[in-house]
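# Per-entry structural report
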Amino acid sequence: MDKLYIKDFEVFAYHGVFPEEKTLGQKFLISVTLSLNMQEAALTGDLTKSVHYGELCHALEVEFKKESYDLIETAGEMLATFVLKHYPMVHHVSIMIKKPWAPILKSMDTVAIEINRGWHQAFIGLGTNMGDRNQNLTEAIAAIKNSPGIDVLTQSTIIETEPWGYTDQDAFLNCVLKIRTTLPPHILMSQLLDIELGLKRERTIHWGPRTIDLDILFYDNLVTDDPHVILPHPRIQDRAFVMESMAEIAPYFVHPLLNKRMFEILDSLKKD
């Protein structure tokens, strides 16, 4: 990735935990590093293919002064989120905020924090077999789209499938979303669980009936054994209904453990 740097951009604002910081204000120095592909801009001279750093500085100043935060960590998080949301060509952003007048009654040069955020690709599986199944999917997808740090890129076709595991229950409607997110897996999973609770998901029977089921199937090429979110989702390669949706929207995505593309896994399941 190419890099664009802005160093020590000076902004006067009102962040801090002390009352005087919120009333008198102080100077902050903001440095930004953007990771993006600037080759097309370099070859064509077309600034729209890159980031206009003058406009970015103005936008960052407006965003930085919009609210007063106790912590510059919060201000840095908000700036990083702003950049990724409003500059889609940026893959990764690093925000450093220096506080040269930090009120600690000690001699020093500056206090600073650095926030690093970037886009990650993930696939979310959705399933429902209770109540109004179409409405359950519609509400779940809307909630995911409205969640901070998530952009829904593609949705597979909704398919009806027979229950898997515990078979004494009604048929499911299933689909898969391809998303990009700035959230790490454990926070993304927590947000999905909150959406399930909002749609009255109850966990009474393992693999049993549910108003909505939201699973992280893949997150980049990450492999984890975290009990909160095991990646890739276990047994995904055995579930034809998941592989059918994955093969539809990401046929060439490679399973990081099996080293097989989605359409290859689906073809193997169809032959069994």
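Residues numbered from 1 in each chain as written. Predicted model: local features only at pLDDT ≥ 70, side-chain atom pairs only at ≥ 80, totals over all residues. Heavy atoms only, no water.

Its 13 residues place the ends of helix α5 (residues 133-145) 18 Å apart at the C-alpha level, agreeing with the 18 Å of an ideal helix rising 1.5 Å per residue. All of the buried residues along α5 are Asn-136, Leu-137, Ala-140, Ile-141 and Ile-144. Buried residues along α5 cover an arc of 125 degrees about the axis, so they all sit on one side. Looking at the buried positions of α5, the neighbouring elements they touch are β5 (120-128), β6 (150-155), β8 (172-181), α6 (185-198) and β9 (213-219). (Helix = DSSP H or I, 4+ residues; strand = E, 2+ residues; numbered from the N terminus. Expected span 1.5 Å × (residues − 1). Buried < 20%, exposed > 50% of the residue type's maximum accessible area, 1.4 Å probe, protein only. Arc of directions from axis to C-beta. Contact = heavy atoms within 4.5 Å.)

Looking now at the pairing of β5. Among the nine residues that make up β5, seven are buried, leaving the element largely enclosed by the rest of the structure. When β5 meets β8, the two strands line up antiparallel, connected through nine bridges. Residue pairing for β8: Thr-128 is matched across the bridge by Leu-173. Across six bridges, β5 lies against β9 in antiparallel orientation. For Gly-125, the partnering residue across the bridge sits in β9 and is Asp-215. (Pairing = 2+ DSSP bridges.)

Our focus in this paragraph is the layout of surface pockets. Of the pockets and cavities examined, the second largest pocket occupies roughly 420 Å³. Forming the walls of the second largest pocket are 19 residues, and the residues nearest its centre are Thr-81, Pro-148, Gly-149, Ile-150 and Thr-182. Broken down by secondary-structure element, the contributors of at least two residues to the lining of the second largest pocket are α4 (72-86), β6 and α6. Across the lining of the second largest pocket, the residue classes tally to nine nonpolar, five polar and five charged. (1 Å grid on protein atoms, 1.4 Å probe; cavity = no way out; pocket = protein on both sides within 12 Å on 5 of 7 lines; lining within 4 Å. Points joined across faces, edges and corners; volume = space filled by probe spheres on them. Nonpolar A, V, L, I, M, F, W, Y, C, P; charged D, E, K, R; others polar.)

What follows deals with the side chain of Arg-180. Note that Arg-180 resides in strand β8. Taking the relative accessible area as the measure of exposure, Arg-180 reaches 18% and is therefore buried.

Here the focus is the packing of aromatic side chains. For any pair of aromatic rings, the description consists of the separation of the ring centres together with the inter-plane angle of the planes. Per the counting criterion, the structure on display carries six aromatic pairs. Where Phe-28 meets Phe-64, the ring centres are 5.3 Å apart and the plane angle is 75 degrees; that geometry is what we call edge-to-face. Highlighted residues: Phe-28 in strand β2 (residues 26-36) and Phe-64 in helix α3 (residues 53-64), separated in sequence by 36 residues. As far as the burial class goes, Phe-28 and Phe-64 line up, both buried. (Phe/Tyr/Trp six-rings, centres within 6.5 Å; stacked < 30°, edge-to-face > 60°.)

This brings us to the environment of Gly-16. Relative to the elements of secondary structure, Gly-16 occurs in the loop between β1 (2-13) and α1 (19-24). For Gly-16, a relative accessible area of 0% puts it in the buried group. Considering only alpha carbons, one finds Gly-16 and Lys-99, 83 residues apart in sequence, at a separation of 9.9 Å. Discounting chain neighbours no more than four positions away, the residues touching Gly-16 are Glu-21, Lys-22, Tyr-69, Asp-70 and Lys-99.

Another point: the sheet that holds strand β3 (residues 92-99). The antiparallel open sheet is built from four strands, whose spatial order is β1-β2-β3-β4. Two strands lie at the open edges of the sheet, namely β1 and β4 (111-118), each paired on one side alone. On average, adjacent strands in this sheet sit at an angle of 15 degrees to one another, irrespective of strand direction. Here β2 pairs with β3 via seven bridges, running antiparallel. Residue pairing for β3: Leu-29 is matched across the bridge by Lys-98. Together, β1, β2 and β3 form the strand contacts of α3, whose direction differs from that of β1 by roughly 40 degrees. α4 contacts β2, β3 and β4 of the sheet and is inclined by roughly 150 degrees relative to β3. (Axes fitted to C-alpha atoms, helices over the stretch in contact; angles between N-to-C directions.)

Let us now look at the nonpolar core. The tendency in soluble globular proteins is for nonpolar side chains to be buried as a group. Ranked by internal contacts, the top residues of the largest apolar core, which has 33 residues, are Leu-34, Phe-64, Val-83, Val-93 and Ile-97. Sorting the residues of this core by element identifies β1, β2, α3, α4, β3 and β4 as the ones contributing at least two each. Per-element accounting of this core gives the leading share, seven residues, to α4. Those residues within four positions of Val-93 in sequence are excluded, and the remaining contacts are Val-32, Thr-33, Leu-34, Ala-80, Val-83, Leu-84, Ile-115, Asn-116 and Arg-117. (Core = buried A, V, L, I, M, F, W, Y, C linked by side-chain atoms within 4.5 Å.)

Right, let's talk about a nonpolar patch on the surface for a bit. A contiguous nonpolar surface patch, about 330 Å² in accessible area, is contributed by Phe-12, Tyr-14 and Trp-101. Examined against the element boundaries, Tyr-14 turns out to sit in the loop between β1 and α1. Judged by its relative accessible area of 36%, Tyr-14 is partly exposed. (Patch = residues over 30% accessible without salt bridge, like charges linked within 9 Å, V, L, I, M, F, W, Y side chains within 5 Å. Areas by Shrake-Rupley, 256 points an atom, 1.4 Å probe, with all protein chains shown as cover. Salt bridge = Lys/Arg side-chain N within 4 Å of Asp/Glu carboxyl O.)

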